[in-house]
Amino acid sequence: MRLRLLGTGSADGWPNPWCDCASCTWARGGGVVRGQTAILVDDVLLVDCGPDVPRAAARFGVRLSGLRHLLVGHAHPDHLGPESLMWRSWSTAAGRPLDVVAPPAALEVCRAFLARWEGSDPDREGNPLRFLEAVPAGPAEPDRTGEAGGTGTAGGTLWLGEAGARYEVRPLAAHHGDASIGPAVLYDITAPDGTRLLYGCDTAVPLPASTLDAVVDRAYDVVALEENNGDRPGFGEHLGLDTFGELVGELRRRGAIHQGTEILAVHLSHRNPPGDELARRLAHVGARAPHDGESLDI
Ligand SMILES: [Zn+2]
Ligand SMILES: [Zn+2]
Ligand SMILES: [Zn+2]
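Because the structure is a prediction, the values reported are computed rather than measured. (Residues numbered from 1 in each chain as written. Chains lettered and ligands numbered in written order. Predicted model: local features only at pLDDT ≥ 70, side-chain atom pairs only at ≥ 80, totals over all residues. Heavy atoms only, no water.)

Asker: Where do I start with the overall build of the protein in this structure?
Answerer: When helices and strands are tallied, the protein shows seven helices and 15 strands. Relative to its length of 298 residues, the protein is compact, with a C-alpha radius of gyration of 18 Å against a globular reference of 19 Å. The principal-axis extents of the C-alpha atoms in the protein amount to approximately 50 × 40 × 35 Å. When burial is assessed residue by residue, the protein has 53% of its 298 residues classed as buried. For the protein, the share of sequence-separated contacts (at least 6 apart) that also reach a separation of at least 24 residues comes to 68%. Per element, the accessible surface of the protein, about 12,500 Å² overall, is 53% carbon and sulfur. Both charge centroids of the protein, one from 27 positive and one from 40 negative side chains, sit 4 Å from each other. (Helix = DSSP H or I, 4+ residues; strand = E, 2+ residues; numbered from the N terminus. Rg over C-alpha atoms; globule rule 2.2 N^0.38 Å. Buried < 20%, exposed > 50% of the residue type's maximum accessible area, 1.4 Å probe, protein only. Contact = heavy atoms within 4.5 Å. Areas by Shrake-Rupley, 256 points an atom, 1.4 Å probe, with all protein chains shown as cover. Lys, Arg positive; Asp, Glu negative; His and termini not counted. Charge placed at Lys NZ, Arg CZ, Asp CG, Glu CD.)

Asker: Is there a simple way to explain the coordination of the zinc ion (ligand 3) in this structure?
Answerer: Ideal coordination angles are 109.5 degrees for a metal with four donors arranged tetrahedrally and 90 or 180 degrees for a metal with six donors arranged octahedrally. Protein-derived ligands of the zinc ion (ligand 3) are H74 (NE2), H76 (ND1), H176 (NE2) and D202 (OD), with the metal-ligand distances lying across 2.1 to 2.4 Å. Taken together, the four donor atoms coordinating the zinc ion (ligand 3) and their angles of 93 to 166° define a geometry best described as irregular. Distance-wise, the zinc ion (ligand 1) is placed 3.5 Å from the zinc ion (ligand 3), both being coordinated by D202. Of this pair, H76 sits in the loop between strand 4 (69-71) and helix 3 (83-88) while H176 is found in the loop between strand 9 (167-173) and strand 10 (185-190), placing the two residues 100 residues apart along the sequence. Judged by its relative accessible area of 28%, H76 is partly exposed. (Donors = N, O, S within 2.8 Å, 3.2 Å for Na, K, Ca; no water. Tetrahedral: all angles 85-135°; square planar, octahedral: opposite > 155°, others 65-115°.)

Asker: Just checking my understanding: could you explain the packing of aromatic side chains for this structure?
Answerer: One pass over the structure, following the stated rule, counts three aromatic pairs. With a centroid separation of 5.9 Å and an interplanar angle of 50°, the aromatic rings of W14 and W26 are classed as tilted. With W14 in the loop between strand 1 (2-7) and helix 1 (22-28) and W26 in helix 1, the pair connects residues that are twelve residues apart, well separated along the chain. What makes W14 buried here is its relative accessible area of 1%. Look at W26 and you get partly exposed, because its relative accessible area is 29%. (Phe/Tyr/Trp six-rings, centres within 6.5 Å; stacked < 30°, edge-to-face > 60°.)

Asker: How should the coordination of the zinc ion (ligand 1) be read in this particular structure?
Answerer: With distances of 2.1 to 2.2 Å, the protein atoms coordinating the zinc ion (ligand 1) are D78 (OD), H79 (NE2), D202 (OD) and H267 (NE2). Linear spacing of the donor residues for the zinc ion (ligand 1) on their chain is D-H-x122-D-x64-H.

Asker: For this particular structure, what's the right way to read the pairing of strand 8 (residues 157-160)?
Answerer: The two faces of strand 8 match: T157 and W159 on one face and L158 and L160 on the other face are all buried. Note: strand 8 against strand 9, three bridges, orientation antiparallel. Its bridge partner being in strand 9, L160 is matched across the sheet by Y167. (Pairing = 2+ DSSP bridges.)

Asker: Would you mind going over the confidence of the model for the protein with me for this structure?
Answerer: Low pLDDT means the predicted atomic positions in that stretch should not be read closely. Residues of the protein with pLDDT of at least 70 account for 94%, and the chain-wide mean is 94. Within the model, the stretch residues 145-150 combines pLDDT values under 50 with eight contacts to residues more than four positions away or in other chains. (pLDDT = per-residue confidence, 0-100.)

Asker: What should I look at first to understand the environment of R4 in this one?
Answerer: Assignment of secondary structure puts R4 in strand 1. Excluding anything up to four places from it in sequence, R4 contacts A38, I39, L40, F60, V62, G293, E294 and S295. Within the structure, R4 has its side chain in polar contact with the backbone oxygen of G293 (distance 2.9 Å). (Polar contact = N/O pair within 3.5 Å; in protein donor to acceptor, adjacent residues only side chain to side chain.)

Asker: How should the sheet that holds strand 15 (residues 295-297) be read in this particular structure?
Answerer: Consider a sheet: its strands pair through backbone hydrogen bonds, and that pairing is either parallel or antiparallel. An order of 6-5-4-3-2-1-15 is seen for the seven strands of this open sheet, with the pairing classed as mixed. Two strands bound the open sheet, and with one partner strand each, they are strand 6 (129-133) and strand 15. When strand polarity is set aside, the average angle formed by the axes of neighbouring strands in this sheet is 20°. The pairing of strand 3 (residues 45-47) with strand 4 spans three bridges and is classified as parallel. By the bridge assignment for strand 4, L45 is matched with H69. Contacts from helix 4 (residues 104-118) reach strand 5 (98-102) and strand 6, with the element oriented near 155° to strand 6. (Axes fitted to C-alpha atoms, helices over the stretch in contact; angles between N-to-C directions.)

Asker: Looking at this structure, I do not really get helix 4. What am I missing?
Answerer: In an α-helix, one turn spans 3.6 residues; hence positions three or four apart end up facing the same way. Under the 1.5 Å per step criterion, the end-to-end length of helix 4 is 20 Å for 15 residues, consistent within 8% with the ideal 21 Å. Turning to helix 4, its buried residues are A105, A106, L107, C110, F113 and L114. Next to the buried residues of helix 4 lie helix 3, strand 5 and strand 6. G119 lies just past helix 4 and shows a positive phi near 60°. (Expected span 1.5 Å × (residues − 1).)

Asker: Hey, could you run me through the nonpolar core in this one?
Answerer: Soluble, globular proteins show a tendency: their nonpolar side chains are buried together. Core analysis: the biggest nonpolar cluster contains 57 residues, and L6, L46, L85, L225, F244, L251 and L282 have the highest contact counts within it. Among residues more than four places away in sequence, those in contact with F244 are L225, E226, E227, L239, I263, L264, A265, L282, V285 and A287. If you look at the next biggest cluster of nonpolar residues, it comprises 27 residues, including L3, L45, Y167 and L296. (Core = buried A, V, L, I, M, F, W, Y, C linked by side-chain atoms within 4.5 Å.)

Asker: Please explain the pairing of strand 6 as it appears in this structure.
Answerer: In regular strands, side chains alternate between the two faces of the sheet. Where strand 5 and strand 6 come together, five bridges link them in parallel fashion. For A102, the partnering residue across the bridge sits in strand 6 and is E133. Each parallel crossover has a hand, and for strand 5 linked through helix 4 to strand 6 it is right-handed. (Right-handed = clockwise from strand over helix to strand, strands pointing away.)

What follows is the structure in structure tokens.
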């Protein structure tokens, strides 16, 4: 699994361009600039696509033409910019198939946008987009990645891609918003080479019991967890530095995080402290804050 972090920031980015707080002033003056969080996996699967994300890819020299699967966690606008689907349709990638996996409310945002601005319907035959509902999966099911056929679903788990290059995707219930934006999900993604990522944006604690059950012994290679709120809790249903640490501990106890797991804090906002303080605090729980554009070979 090769990961490319196209963004590691919050909805408003860090720095928030409108803001003169100490944290934004530091970030702007030679600190670190972060756009909306999204992770590209093996150049074929993208998790989340806020409006910042395709432009970030362009600035990093990353092509999205090979993308075959787009996963969206919920319908908040920092995770879903439906215009990207229209702009893709103006490119050489236009006729190529693209799975769009998202909760019902997020698919509805895409449908309404495409109907209004493009007069297109992803459910019409011949449309290269294939909309698939992300329904939270239960505890791990038997591995069926070797079975015949292309994409399949069972009990919430989706198998995306062709035999030999198939991704197992398990949406997990988040603690974030209501059905009007989702219901929001996190993603457990196993690559064809067997490496495994937990994408944990957005959520507060506690995680739903079904999700805590579903991550038992998953032994993720990478856990990318939101840490929006830093030391200023109380903003939305998100994690801050305290609850991020609590959740990392919970995931360790359940065998989801092990000794070798790379723990990444993402969806970072100006509610976090400036300077080296964030890195120092994250290191206490074995985590770090990657930069936008960073690549990881797992
Ligand atoms: Zn968000
Ligand atoms: Zn600020
Ligand atoms: Zn959100």
